[in-house]
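Notes for the structure review
Below, each chain spelled out in residue letters.
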Amino acid sequence: MGIAVNLVTYLTGTMHLGNASSANIVTNFMGTCFMLCLLGGFVADTFIGRYLTIAIFATVEAIGVTILTISTIIPSLHPPKCTHNNLKSCEPANNTQLTVLYLALYVTALGIGGLKSSVSGFGSDQFDDSNEVEKNHMVKFFNWFFFFISIGSLTAVTILVYIQDHVGRDWGYGICVCAIVVALYCGGLCRGVEEEEAEIAV
């Protein structure tokens, strides 16, 4: 959400692409995110399980958003700003700049696809349906799960958009990278604690 919600304005305002072309890029990006959920679900269920799928694809997503952040910082990876005096300076992004942009977006889409397909299922795996107490806990888990997803989406479309538009895209996308890295670290930390408790119990 932190990337897609105002990506059109980035493509038109910074990359100097047309409105139709920009909308098409965003639509393709969002569609790819959802289509790749099929791949993520297949990988998780057939090969490596949900936990490793989440860890791997979250890392992939972090790499994609990092590339996008870097492309906003390095001047050669986006066209120069338009000037009112010289219309020739308002040139659209060249092939190299678009290649980096597409690489960032579709690596991010790959990561999102793996996450979306596994996160909620991984949460439900923590509970035993046959146990009435755990079944009630699972209902509470999903209530909180969707509550925090909604809070995250709200934050993305308000605070992150404000930061991107008024402070800089590099800060807005950089915050997204930091959030993913913190989540990966906390997930790994929790996994380590669980393994230690399991060893102690044995």
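Residues numbered from 1 in each chain as written. Predicted model: local features only at pLDDT ≥ 70, side-chain atom pairs only at ≥ 80, totals over all residues. Heavy atoms only, no water.

Looking only at helices and strands, the protein has five helices and zero strands in total. The N-to-C order of helical and strand elements in the protein reads α-α-α-α-α. Counting over 202 residues, the protein shows a buried share of 35%. Expressed as a percentage of contacts within the protein between residues at least 6 apart in sequence, the contacts between residues at least 24 apart total 70%. As displayed, the protein offers around 12100 Å² of accessible surface, 67% of which is attributable to carbon and sulfur atoms. Of note, the protein has its 8 positive side-chain charges centred 14 Å away from the centre of its 15 negative side-chain charges. (Helix = DSSP H or I, 4+ residues; strand = E, 2+ residues; numbered from the N terminus. Buried < 20%, exposed > 50% of the residue type's maximum accessible area, 1.4 Å probe, protein only. Contact = heavy atoms within 4.5 Å. Areas by Shrake-Rupley, 256 points an atom, 1.4 Å probe, with all protein chains shown as cover. Lys, Arg positive; Asp, Glu negative; His and termini not counted. Charge placed at Lys NZ, Arg CZ, Asp CG, Glu CD.)

On the surface, Met1, Val5, Trp144, Phe147, Phe148, Ile151, Leu154 and Val157 cluster together into a nonpolar patch covering about 790 Å² of accessible area. You can see Trp144 is positioned in helix α4 (residues 132-166). By relative accessible area, which is 54% here, Trp144 ends up exposed. (Patch = residues over 30% accessible without salt bridge, like charges linked within 9 Å, V, L, I, M, F, W, Y side chains within 5 Å. Salt bridge = Lys/Arg side-chain N within 4 Å of Asp/Glu carboxyl O.)

The residues that UniProt annotates with the feature "transmembrane region" (unreviewed entry) are residues 25-44, 51-77, 97-115, 144-165 and 171-190. When the span residues 51-77 is considered, its composition is 85% helix and 0% strand, and the gap between its end C-alpha atoms is 35 Å. Taken end to end, residues 97-115 is 100% helix and 0% strand, and its first and last C-alpha atoms sit 27 Å apart. (UniProt positions renumbered as here; feature names shortened; annotations may be inferred.)

Enumeration according to the criterion identifies one disulfide in this entry. Disulfide pairing is shown between Cys82 and Cys90; the S-S distance is 2.1 Å. A torsion of 55° about the S-S bond marks the disulfide between Cys82 and Cys90 as right-handed. Residue Cys82 is classed as partly exposed on the basis of its relative accessible area of 36%. No disulfide involves Cys37; its nearest neighbouring cysteine sulfur is the one of Cys33, lying 7.9 Å away. What makes Cys37 buried here is its relative accessible area of 18%. Of all cysteine sulfurs in the structure, the one in Cys178 sits closest to Cys176, which takes part in no disulfide; the separation is 9.3 Å. Residue Cys176 is classed as buried on the basis of its relative accessible area, which comes to 14%. (Disulfide = S-S within 2.5 Å.)

Attention shifts here to the packing of aromatic side chains. For the coordinates displayed, the defined rule picks out 13 aromatic pairs. Summarising the aromatic geometry, the rings of Trp144 and Phe148 are spaced 5.8 Å apart at their centres and angled 25° between planes, so their arrangement reads as stacked. One end of the pair is Trp144 and the other is Phe148, both in helix α4 and four residues apart, which spans about a single turn. An aromatic cluster of at least three residues, connected via ring pairs, comprises Phe127, Phe141, Phe142, Phe145 and Phe146. (Phe/Tyr/Trp six-rings, centres within 6.5 Å; stacked < 30°, edge-to-face > 60°.)

Moving on, we come to the environment of Val65. Relative to the assigned elements, Val65 resides in helix α2 (residues 19-73). When the C-alpha positions of Val65 and Thr83 are compared, they lie 29 Å apart, and in sequence the two are 18 residues distant. The residues contacting Val65, other than those within four sequence positions of it, are Ile3, Thr108, Tyr173, Cys176, Val177 and Ile180.

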